[in-house]
Amino acid sequence: MVRTPEEFHRMPREYQKMLISQITINTEGELSGGDDYALMFLPLAPTSEERQVCAERAAEEYDHYKIGKRILADLGVDTSYMESQSISERMLFADDRMHTCSTWAERGVYSYIGEETAMVMLREFAESSYKPWAEAVRTIIQDERIHIAHGARVCRNLAETEEGREQLQAALDRLWPMFVGILGSPNTKRSQAVVRYGLRKTTNAEAIELWREKVLPRIANLGLRVPE
C-alpha cells in the first residue's frame, strides 16, 4: 500500500509511470464525458426532464475530472491544459464513435452498456495500491451507478416498442466495437505489470470478460442481439 505522494515518489519508476498514466487517462475521460453529456446528449433529450438529467450527469462528470486533477496535482502533474482543449484534441480517448452519438437510443446504450466499462475499471481502482486514488474513486463509483441506471431507463423505455428495439440494435451495433476497445488489447505485458503492482486486479482480457458478464444479460433482456 502506497499511502502518500511522498511514498509514491519512492516507488519504482515503472510504478510511477503506470499510475500517472492510469489516472490521467481516466481523468481525461471524465472531462470528455462531461462534454458529451452537455454538448451531445442534452440536445438529443426529448423532454425538459431528460435535459435536466443530462445536465446533472455532466456536472457529475466534471466533478470526477476535478477529483482526478487533484490527485494528479499532488503527484506533480498538471492537467489544466485539458480544459482548454476540444474533445477532438484530447487523444487518450481518441475514438470518434464515442463522441458522435446522434440518437436517443445511442444515448441509452452509451450509459447502460458503455459506461459499465468504466465501472469495471473503477471497481478495480477502488482497491488500488495507491491509497489516495482508491479512496477518491469510491466517490466516483456512486455517481456512475446513477449514470448506468439512467441509461437502463432510457433503453427499457425504448425496448417497449419494435421501433425502439430497432433503434437500440442499430445503436448497439455501431458502438459495440468501441466499447470493447475501451478496455484495451486483451493480451499485453503492460496490463500484467499493472496487476503485479496492485494498480488493477485483472488483465485487460479478464476485464473484458467481466464486462461481458455484466452486459450480456442486459442485452438479452432488452430483446437485442450481441453484435458479431
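These numbers were taken from a predicted model, which means no experiment stands behind them. (Residues numbered from 1 in each chain as written. Predicted model: local features only at pLDDT ≥ 70, side-chain atom pairs only at ≥ 80, totals over all residues. Heavy atoms only, no water.)

1. Digging into the overall build of the protein
Okay, so step 1: For the protein, the count of helices and strands is eight helices and zero strands.
Okay, so step 2: Compactness check: the protein gives a C-alpha radius of gyration of 18 Å against a globular reference of 17 Å for 228 residues, within 12% of the reference.
Okay, so step 3: The principal-axis extent of the C-alpha atoms belonging to the protein is close to 60 × 35 × 30 Å.
Okay, so step 4: Long-range contacts, defined as pairs at least 24 residues apart, comprise 77% of the intrachain contacts of the protein with a sequence gap of at least 6.
Okay, so step 5: Carbon and sulfur atoms form 51% of the exposed surface of the protein, whose accessible area is close to 10900 Å².
Okay, so step 6: Taken together, the 29 basic and 36 acidic charged side chains of the protein have centroids lying 6 Å from each other. (Helix = DSSP H or I, 4+ residues; strand = E, 2+ residues; numbered from the N terminus. Rg over C-alpha atoms; globule rule 2.2 N^0.38 Å. Contact = heavy atoms within 4.5 Å. Areas by Shrake-Rupley, 256 points an atom, 1.4 Å probe, with all protein chains shown as cover. Lys, Arg positive; Asp, Glu negative; His and termini not counted. Charge placed at Lys NZ, Arg CZ, Asp CG, Glu CD.)

2. Quick look at the packing of aromatic side chains
Okay, so step 1: Following the criterion strictly, the structure yields eight aromatic pairs and no others.
Okay, so step 2: Plain terms: the ring middles of Y37 and F41 are 5.4 Å apart, the flat faces sit at 65 degrees to each other, and that makes the pair edge-to-face. Placement of both Y37 and F41 in helix α2 (residues 13-41) is noted, with a separation of four residues, approximately one turn of the helix. Judged on exposure class, the residue Y37 and its partner F41 are both buried.
Okay, so step 3: Relative to Y110, the ring of F41 lies with its centre 4.8 Å away and its plane at 75 degrees, an arrangement referred to as edge-to-face. Here F41 is found in helix α2, whereas its partner Y110 is found in helix α4 (residues 104-125), with 69 residues between them in sequence.
Okay, so step 4: Its relative accessible area of 10% is what places Y110 among the buried residues. (Phe/Tyr/Trp six-rings, centres within 6.5 Å; stacked < 30°, edge-to-face > 60°. Buried < 20%, exposed > 50% of the residue type's maximum accessible area, 1.4 Å probe, protein only.)

3. Some thoughts on the packing of α2 against helix α5 (residues 131-158)
Okay, so step 1: Look at α2 against α5: their axes get within 14 Å of each other, and the N-to-C directions meet at 30 degrees. In this view, α2 runs roughly parallel relative to α5, as classed from their interaxial angle. As for how α2 packs across α5, the hand of that crossing is left-handed. Counted together, L19, Q22, I23, N26, E30 and Y37 of α2 and W133, I140, E144 and H147 of α5 form the full contact between these two elements.
Okay, so step 2: Here the residues of the contact of α2 with α5 are counted per class, giving five nonpolar, three polar and two charged. (Axes fitted to C-alpha atoms, helices over the stretch in contact; angles between N-to-C directions. Parallel < 35°, antiparallel > 145°, perpendicular 65-115°, else oblique. Left-handed = near helix turned anticlockwise from the far one by under 90°. Nonpolar A, V, L, I, M, F, W, Y, C, P; charged D, E, K, R; others polar.)

4. A look at the side chain of S128
Okay, so step 1: Positionally, S128 belongs in the loop between α4 and α5.
Okay, so step 2: A distance of 3.0 Å separates a polar side-chain atom of S128 from the backbone nitrogen of Y130.
Okay, so step 3: Beyond its immediate stretch of four places on either side in the chain, S128 contacts M1, W133, A134, G198 and L199. (Polar contact = N/O pair within 3.5 Å; in protein donor to acceptor, adjacent residues only side chain to side chain.)

5. Digging into the nonpolar core
Okay, so step 1: Formed by 61 residues in total, the largest nonpolar core has its most connected members in L19, V109, I113 and Y130.
Okay, so step 2: Listing elements by their share of this core, those giving two or more residues are α2, α3 (48-74), α4, α5, α6 (162-182), α7 (189-196) and α8 (204-221).
Okay, so step 3: Looking at this core element by element, the count peaks at eleven residues for α4.
Okay, so step 4: Setting aside residues no more than four positions away along its own chain, V109 makes contact with G114, C155, L168, A171, L172, L175 and F179. (Core = buried A, V, L, I, M, F, W, Y, C linked by side-chain atoms within 4.5 Å.)

6. Some thoughts on the pattern of salt bridges
Okay, so step 1: Using the criterion set out here, one finds 13 salt bridges in the structure.
Okay, so step 2: One salt bridge connects E14 with R196, and the closest N-O pair in it is separated by 3.9 Å. In this pair, E14 sits in helix α2 while R196 sits in helix α7, placing the two residues 182 residues apart along the sequence.
Okay, so step 3: Taking the shortest distance from any N to any O, the salt bridge between D35 and R90 comes out at 3.0 Å. Here the residue D35 occupies a position in helix α2, and R90 occupies one in the loop between α3 and α4, the gap between them amounting to 55 residues.
Okay, so step 4: On the basis of relative accessible area, R90 is assigned to the buried category, the value being 4%.
Okay, so step 5: Taken together, the salt bridges that share partners define one network made up of E56, R57 and E60. (Salt bridge = Lys/Arg side-chain N within 4 Å of Asp/Glu carboxyl O.)

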